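# Examining the three-dimensional arrangement
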Amino acid sequence: VVQAGSSRGPKQRDTPLTISVIPLEMTQAQQAQGLLDALRNTAGVTSSQTAPTVYSNLAIRGINVENRGNFRLNGSLPIINLIDLPLEDKDRVEALKGASALYYGFTTPAGIINLTMKRPTVDPYVALNVSGNQYGALTGHIDVGGTAGILGARVNAVYGTVDSGIDHTRGHRALLSGAFDIKPTDSLTLSVDAEYIYKTINEPGVYRFTTPPRPSVDDLYPSADLPPLIDPETNFGPDWAKNEAEEYNVLGTVNWRINDAWALTVSGGTSHLVRTRRFNTLNPLDLTTGEGTLSVSLQPDLTFKNV
C-alpha cells in the first residue's frame with residue numbers, strides 16, 4: 001500500500017503516480033542497513049554527494065533529494081535527513097518520484113522519500129535480532145508490540161557499533177521508538193509516533209580534484225591524467241574528525257473514517273536535530289608531488305527544526 005503524496009492506503013497498482021514501495025520483507029531479505037541499501041534496486045534512485053558512511057544523500061533521476069524537506073514520516077511530517085535514518089522501526093520505504101513531490105509544497109522536484117512506522121500488532125509480539133559484519137560491527141535490536149483494549153503499542157530499541165571497513169572510521173548508534181494507537185471507536189483512531197535517533201562516527205576525508213590544467217595557445221583543450229583511485233579502505237582524515245548527531249521525531253495523528261468513501265485526517269508534529277560535524281577535504285593542486293589544499297570544516301552544535 002501507498003501513503004506518500006495524496007494517497008492514504010491504496011494499493012500501489014491503483015495509484016496513478018510513479019511510486020516504488022519497499023516493504024519490510026524486502027528490506028529484511030536485503031539485510032538493508034540504511035536508506036541507500038533499501039533503495040539500491042529502485043530505478044532512478046542513486047547515491048549523491050558524500051559517501052553513505054554518515055548518512056545517505058540521495059538523488060532521484062539525477063536531482064538531489066533535499067535533506068530537510070523531501071523526507072517524510074508516515075506521509076506527513078518532514079523529518080531531517082542529516083543522520084542515518086534507521087529502518088528497524090519502519091514497516092516500509094516509499095519513493096515518490098518526479099514532480100509529484102510538489103504535493104508537499106515548495107521543494108525540489110526530485111521526489112519524496114517516505115518512511116512508514118511499524119504499527120501495533122493485535123496479538124502480543126516479541127522479536128530479537130543480533131547482526132554484525134566481518135569488520136567487528138555488532139548491533140542488537142528488540143521489537144515488542146501488542147494491543148490491550150483500545151490501546152495498541154509497538155516499541156523498538158536498537159544499540160550497536162558501526163564499522164563499514166574504512167580505516168579509522170568507527171562509531172556507534174542507538175534508536176528508541178514507539179508507535180501508539182488509541183481506538184475509542186471503530187471509526188476513530190488517535191496515533192502518536194515518536195523516535196529518538198543517535199549516531200556518532202568518524203567521517204572519512206574527501207579527495208576532490210578540482211584543478212584541471214589551463215589551456216594555452218598551443219593546446220586549447222589540455223588533458224590531464226587523473227590520479228589512481230584511492231583504496232576504498234583508506235581514510236586520510238584524523239580520528240577527531242567525527243560526525244555526532246541526535247534527532248527527535250514526534251508525530252500525532254487523528255484519523256476519522258466518516259464512511260467507506262471518506263476519511264478525515266489531521267496530523268502535526270516536529271523533527272529536531274542537533275549535529276556536530278568535523279569534515280576534511282583535500283584538493284590536490286599538483287598531481288606529481290601531491291601538494292594541495294587541506295580544508296577543515298568545524299560545525300559545532302548545528303540545530304535544525306521542522307514542524
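That block above? That's the structure.
Our subject in this report is the structure included herewith. (Residues numbered from 1 in each chain as written. Predicted model: local features only at pLDDT ≥ 70, side-chain atom pairs only at ≥ 80, totals over all residues. Heavy atoms only, no water.)

## Re the overall build of the protein
Secondary structure assignment for the protein yields 2 helices and 17 strands. With respect to the three principal axes, the spread of C-alpha positions in the protein is 80 × 40 × 35 Å. For the protein, buried positions account for 44% of its 307 residues. A fraction of 61% describes how many contacts in the protein between residues 6 or more apart in sequence connect residues 24 or more apart. If you sum the accessible surface of the protein, you get close to 16,500 Å²; carbon and sulfur atoms cover 57% of it. (Helix = DSSP H or I, 4+ residues; strand = E, 2+ residues; numbered from the N terminus. Buried < 20%, exposed > 50% of the residue type's maximum accessible area, 1.4 Å probe, protein only. Contact = heavy atoms within 4.5 Å. Areas by Shrake-Rupley, 256 points an atom, 1.4 Å probe, with all protein chains shown as cover.)

## A look at the environment of Val162
One can find Val162 in strand β11 (residues 151-163). Through-space distance from the C-alpha of Val162 to that of Thr200 is 8.7 Å; in sequence the pair is 38 residues apart.

## With respect to the pattern of salt bridges
Throughout the structure, instances matching the rule amount to 14 salt bridges. Lys90 is the salt-bridge partner of Glu195, the closest N and O atoms lying 3.1 Å from each other. Placement of Glu195 in strand β13 (residues 188-202) and of Lys90 in strand β7 (residues 90-97) is noted, with a sequence separation of 105 residues between them. There is no split in this pair, since Glu195 and Lys90 are both buried. The residue Arg119 makes a salt bridge to Asp181 at a minimum N-O spacing of 2.5 Å. Note that Arg119 is positioned in the loop between β8 (111-117) and β9 (125-132) and Asp181 in strand β12 (residues 170-185), a separation of 62 residues in sequence. (Salt bridge = Lys/Arg side-chain N within 4 Å of Asp/Glu carboxyl O.)

## What to know about the sheet that holds strand β3 (residues 58-60)
The sheet built from 3 strands is open, its strands ordered β2-β3-β4 with antiparallel pairing. Edge positions in the sheet fall to β2 (45-47) and β4 (63-64), since each has one partner strand and no second. Across 3 bridges, β2 lies against β3 in antiparallel orientation. By the bridge assignment, Ser47 is partnered in β3 with Leu58. (Pairing = 2+ DSSP bridges.)

## What about the packing of aromatic side chains?
Inspection of every chain in the model, using the stated rule, returns 1 aromatic pair. Stacked on the ring of Phe279, the Lys or Arg Arg277 has its end atom at 4.3 Å from the ring centre. (Phe/Tyr/Trp six-rings, centres within 6.5 Å; stacked < 30°, edge-to-face > 60°. Lys NZ or Arg CZ within 6 Å of the ring centre and 35° of its normal.)

## Some words on the nonpolar core
In this structure, Leu35, Leu39, Phe71, Leu85, Val93 and Ile113 are the most contacted members of the largest nonpolar core, which totals 35 residues. At 3 residues, β8 tops the list of elements feeding residues into this core. Apart from residues no more than four positions distant in its own chain, Leu39 is found in contact with Ile22, Val45, Leu58, Val93, Ala95 and Ile113. The next biggest cluster of nonpolar side chains, apart from the first, holds 5 residues, and it includes Ile19, Val21, Leu96 and Ile112. (Core = buried A, V, L, I, M, F, W, Y, C linked by side-chain atoms within 4.5 Å.)

## Quick notes on unusual backbone geometry
The backbone of His168 shows a phi angle near 55°, a positive value even though the residue is not glycine. Residue placement: His168 occurs in the loop between β11 and β12. One non-glycine residue, Asp301, adopts positive backbone phi at about 50°. Looking at the element boundaries, Asp301 is found in strand β17 (residues 292-306).

## A look at the sheet that holds β7
Read across the sheet, 5 strands follow the order β1-β7-β8-β5-β6 without closing on themselves; strand pairing throughout is mixed. The sheet is open, and its two edges are formed by β1 (19-23) and β6 (77-78), each paired on a single side. Here 2 bridges tie strand β5 (residues 71-73) to β6, and the two strands are oriented antiparallel to one another. Bridge assignment links Arg72 to a residue of β6, and that residue is Pro78.

## Quick word on the pairing of β1
Taken across its 5 residues, β1 has 4 buried, putting it largely inside the fold. Note that β1 and β7 share 5 bridges and pair antiparallel. What sits directly across from Ser20, in β7, is Ala95.

## Some points on the environment of Gly269
With respect to the helices and strands, the residue Gly269 is situated in strand β16 (residues 263-284). Spatially, the C-alpha atoms of Gly269 and Gly252 are 6.0 Å apart, while their sequence positions differ by 17 residues. What Gly269 contacts, discounting residues up to four positions off in sequence, is Leu77, Val250, Leu251, Asn306 and Val307.

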